[in-house]
Structure formats: structure tokens, C-alpha cells
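Working through the structure, step by step
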Amino acid sequence: MPGLFLAPYSQSGMKKRAQNKNRTQRNELALIDEIRRRAEAGRGSRDLGLGVGDDCALLRPRVGEELAVTTDLSLAGRHFRLDWHRAEVVGHRALARGLSDLAAMGARPVAAFLSLALPRELTQRRGGGTSWADRFFDGFFQLAEKTGTPLAGGDLCEAGTVLADIVLIGAVPAGRALLRSGARPGDGIYVTGGLGGAAVGLSALEAEAARRGGSKPPAIPRRLEAVLAPHLYPQPRLAVGRALARRGLATAAMDLSDGLSTDLARLCRESGVAAEIQSAALPVACEATLDQALNGGEDYELLFTARPTAKMPRRIGGVPITRIGTILKTSNKRPQVTLVGAEGARALDSAGWRHFA
Ligand SMILES: [Mg+2]
């Protein structure tokens, strides 16, 4: 589809609105040109034979690699709120969510394909300023450049709301991809970074909305952005994932998108094992509660397991690695996931975050 950003949006749309040759159309064409211009910057990638501009992109997988493919949908009102989240944040998060899945497999990014539907007014530039769409792509391309992810195609379409559908292609040495199904009894359970930080940010946002007393929540104040950073700008753990895969350190891995309690249960199901974690060992993020660390979603850290004999570094690429528990055999006598705390052991039920439903 890399012919992209041209056919569906500007041509068909412009025929229908032939009488309406005005600033709006120039804005649309300017946006398409701008996306293509910015996408060209990724053409230096040796993985990309051909990017935006033709009927298809051409990818050049290296010898001895497998391709990892993931898709992710970001929908206004469900995964973000147009009245709460700045456009740059929506663009960053749309890409970050997909990149986090590549990180979880130990893959490096090869190409991104983005289809974006949005209301006409969000493409309009007023008074020489930038449009919502311009700022969406600011956030998108900033992370794309930082992570070496070329935008190789996509589509643009007018719609009643904002929907960003992303496809990410990654590459991983053949046979080395990190799967959810490889955990075995005795393996250590590890996480990267801190847990619950995104939930702290979200609750700060909710508190700010409540403080203002309006039914319509405010746009995010800049003074809150530090505490909100894990929520607004999650950093996919690509370097950690690649290092784990390359060094053969992990037996199983996934990213934490829905909360540890939910995601660890998923990993256990895929591996046919149980797990026990220590609440005192959890790397609870600054200002987060235990409940937020266990159940707060969207941290986009990695959860992984490793052989009992593995020499696990304390940090990989500057990111702290923390052992939080041990994989056990499944048994009728114990829950799938057990949390051991000061008051003893209890079953940890899946209680992950449910977005803005
Ligand atoms: Mg995932």
C-alpha cells in the first residue's frame, strides 16, 4: 500500500469536493507531502528495499533471520482521549505499543505501516500553525527515529473519529525469538524497569480532571508531565529484548501491556506452568501502590523467565532487571499465580487495566 498517503485520501476525496478548492485541500496535500517527506528519512535503512511511493514496500530480510509481525489498533475513546491526550502523545503511543510487542519477541524493528483515520478538522492548519495530524506525526516520527523504525507505508482516510492501525515488522535471528511458551518449573521470573508508573500517571490525570470539577476533563497540564511520562511516553524495551534473544538468556518473554497480574497468568497458561511472586521483590514505581504495580496496565516493561542457572545482569542497556519470583509446576493445590507477602501467600487474580472502556 505504500502508494499510500496518496490514493485513498487525497484523490477520491478531492474529486467529491471539486467545488471546494480551498485551504482545506491544500492542507490535506501538505500533510501527505509532509508524511512522505518525513518517511523518506527512513530510507537509509538496509532492511528496506523500497519504502513509501510505490504499490508495495519491499523488505530485505537478512540471511538467517525470521520476520516478526504484529498489529495494534489505537481508537479514540478506548485507548486514548482526544480531550486528555495531546496529538504528539497519541502518535508516540500508537507506535510504542507495537514496538513493545517486537521487544517482547527479541526482534529489531524493520518497518512500520500506519493507517490513520481522522476527522477532517484535525488535518487543518489554522493561521500558519500546525494541525493535530502534524503533531501526531511529530510524536510518531520522534520515536520512529529514536528506534530506527522506517515508516514504509500506510493509508489516510477521513472518518468521524481517530483510529490509528499500525503494523510493525521486525526481524529476529532464526530460532531465537522469545516466546511466551518456554517457561519451565524452577525458572526465575524477571521484569524490566518499574511497575505501576503508567497507572500513577493516569490517576494523576483523573485527579486533575476531578479537581477542576468539569464533566469534560482538561487537557493535560505541562506541570504534570513528569509524573505522567510513563503513561504518556512509554519506552519500548527493544534493547533488552534483543539482548535477551541474542544471548539466549530468556526461556519465555512478553511485554506488560495489561498489568502483571493479567500478563503473568497469560505467560503461565502458554507455558503450562504456575508462578509464585514475592510482593517485597516487585520494583514498584515511584509513588505507585502495590495494587498499581500488580494491576496497572500499559507499563510496556518486559516480563520474562530464565533458567535457574542463568547469570542475569542487574541492568541491560541501562534498564534495571529485577527478579520477582519463580516458575512452579501446575497443581490442583495451588493457584496459577501466587503472591507471597508479609501476611502470607494468596492467589493473585487477573485484574489488569481495561483502558477507557
Ligand atoms: Mg504484547
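Summing up its helical and strand segments, the chain has nine helices and 14 strands in all. Looking at the chain residue by residue over its 357 residues, the buried ones come to 54%. Carbon and sulfur atoms make up 50% of the accessible area of the chain, which totals about 15,800 Å².

For the chain, per-residue confidence averages 87 on the pLDDT scale, and residues scoring 70 or more make up 88% of the total. Considering only residues more than four positions removed or in separate chains, one finds that residues 1–19, a stretch of pLDDT under 50, has 54 contacts.

Here we come to the sheet that holds strand S3 (residues 65–75). Taking strand neighbours across the sheet as the criterion, the four strands line up as S3-S6-S4-S5 in an open arrangement whose pairing is mixed. What marks the edges here is a single partner per strand, and that holds for S3 and strand S5 (151–158). Sheet twist, expressed as the average angle between the axes of neighbouring strands with direction ignored, equals 10 degrees. Both S3 and strand S6 (residues 163–173) contribute to a ladder of 11 bridges, which runs antiparallel. Counterpart to Thr-71 in the pairing with S6 is Val-167. Contacting S3, strand S4 (108–118) and S6, helix H3 (residues 87–105) runs over the sheet at an angle of about 25 degrees to S6.

In this section: the pairing of strand S13 (residues 337–341). As paired elements, strand S9 (residues 274–278) and S13 share four bridges and run parallel to each other. The residue of S13 that forms the bridge with Gln-278 is Val-340. Looking at chain direction, S13 and strand S14 (residues 344–347) are connected through four bridges and run antiparallel. Note on S14: the bridge partner recorded for Val-340 is Ala-345. Hairpin connection of S13 to S14: two residues between the antiparallel strands.

Once that is clear, we can look at the coordination of the magnesium ion. Protein-derived ligands of the magnesium ion are Asp-101 (OD) and Asp-255 (OD), with the metal-ligand distances lying across 2.1 Å. On the criterion of sequence distance, the pair formed by Asp-101 in helix H3 and Asp-255 in strand S8 (residues 252–255) is long-range, its members being 154 residues apart. A residue is classified by how much of its surface remains accessible, and Asp-255, at 3% relative accessible area, is buried.

Positionally, Ser-100 belongs in helix H3. For Ser-100, the side chain forms a polar contact with the side chain of Asp-255, separated by 2.7 Å. When near neighbours in sequence (up to four residues on either side) are disregarded, Ser-100 contacts Pro-236, Asp-255, Tyr-300 and Leu-302.

Attention now goes to the packing of H3 against helix H4 (residues 132–147). Following both chains from N to C, one finds H3 and H4 inclined at 40 degrees, their axes separated by 6 Å at the closest point. Accordingly, the angle class assigned to the pair H3 and H4 is oblique. Seen along the crossing, H3 lies across H4 with a hand that is right-handed. Residue-level inspection shows Ala-87, Glu-88, Val-90, Gly-91, His-92, Leu-95, Ala-96 and Leu-99 of H3 in contact with H4, the latter providing Trp-132, Arg-135, Phe-136, Asp-138, Gly-139, Phe-140, Leu-143, Ala-144 and Thr-147.

We describe a pair of aromatic rings using the distance from one ring centre to the other and the angle between the two ring planes. Per the counting criterion, the structure on display carries six aromatic pairs. Measuring from ring centre to ring centre gives 5.5 Å for Phe-140 and Phe-141, while their planes differ by 85 degrees; the resulting arrangement is edge-to-face. The class of Phe-140 is buried, set by a relative accessible area of 0%. Among the aromatic residues, those joined into a ring-pair cluster are Trp-132, Phe-136, Phe-137, Phe-140 and Phe-141.

Structurally, Gly-352 can be placed in the segment after S14. Distance from Gly-352 to Gln-292, taken between C-alpha atoms, is 9.3 Å for residues 60 residues apart in sequence. Not counting residues up to four positions away in its chain, the partners in contact with Gly-352 are Asp-258, Ser-261, Thr-262 and Asn-295.

This paragraph deals with the pairing of S8. Alternating positions in S8 separate into two faces, Ala-252 and Met-254 on one and Ala-253 and Asp-255 on the other, with burial throughout. As paired elements, S8 and strand S10 (residues 302–306) share four bridges and run antiparallel to each other. In the sheet register, Met-254 faces S10, and the bridge partner there is Leu-303.

Scanning the model with the defined rule gives 17 salt bridges in all. Arg-125 is paired through a salt bridge with Asp-134; the nearest N and O atoms lie 2.6 Å apart. Looking at Asp-134, the relative accessible area reads 7%, which means it is buried. In this structure, Asp-263 and Arg-266 form a salt bridge, with 2.7 Å as the shortest nitrogen-oxygen distance. Of this pair, Asp-263 and Arg-266 both sit in helix H8 (residues 260–271), separated by three residues, roughly a single helical turn. One network of salt bridges, in which partners are shared, links Glu-34, Arg-37, Arg-38 and Asp-138.

Cut-offs applied
- Residues numbered from 1 in each chain as written.
- Predicted model: local features only at pLDDT ≥ 70, side-chain atom pairs only at ≥ 80, totals over all residues.
- Heavy atoms only, no water.
- Helix = DSSP H or I, 4+ residues; strand = E, 2+ residues; numbered from the N terminus.
- Buried < 20%, exposed > 50% of the residue type's maximum accessible area, 1.4 Å probe, protein only.
- Areas by Shrake-Rupley, 256 points an atom, 1.4 Å probe, with all protein chains shown as cover.
- pLDDT = per-residue confidence, 0-100.
- Contact = heavy atoms within 4.5 Å.
- Pairing = 2+ DSSP bridges.
- Axes fitted to C-alpha atoms, helices over the stretch in contact; angles between N-to-C directions.
- Donors = N, O, S within 2.8 Å, 3.2 Å for Na, K, Ca; no water.
- Polar contact = N/O pair within 3.5 Å; in protein donor to acceptor, adjacent residues only side chain to side chain.
- Parallel < 35°, antiparallel > 145°, perpendicular 65-115°, else oblique.
- Left-handed = near helix turned anticlockwise from the far one by under 90°.
- Phe/Tyr/Trp six-rings, centres within 6.5 Å; stacked < 30°, edge-to-face > 60°.
- Salt bridge = Lys/Arg side-chain N within 4 Å of Asp/Glu carboxyl O.

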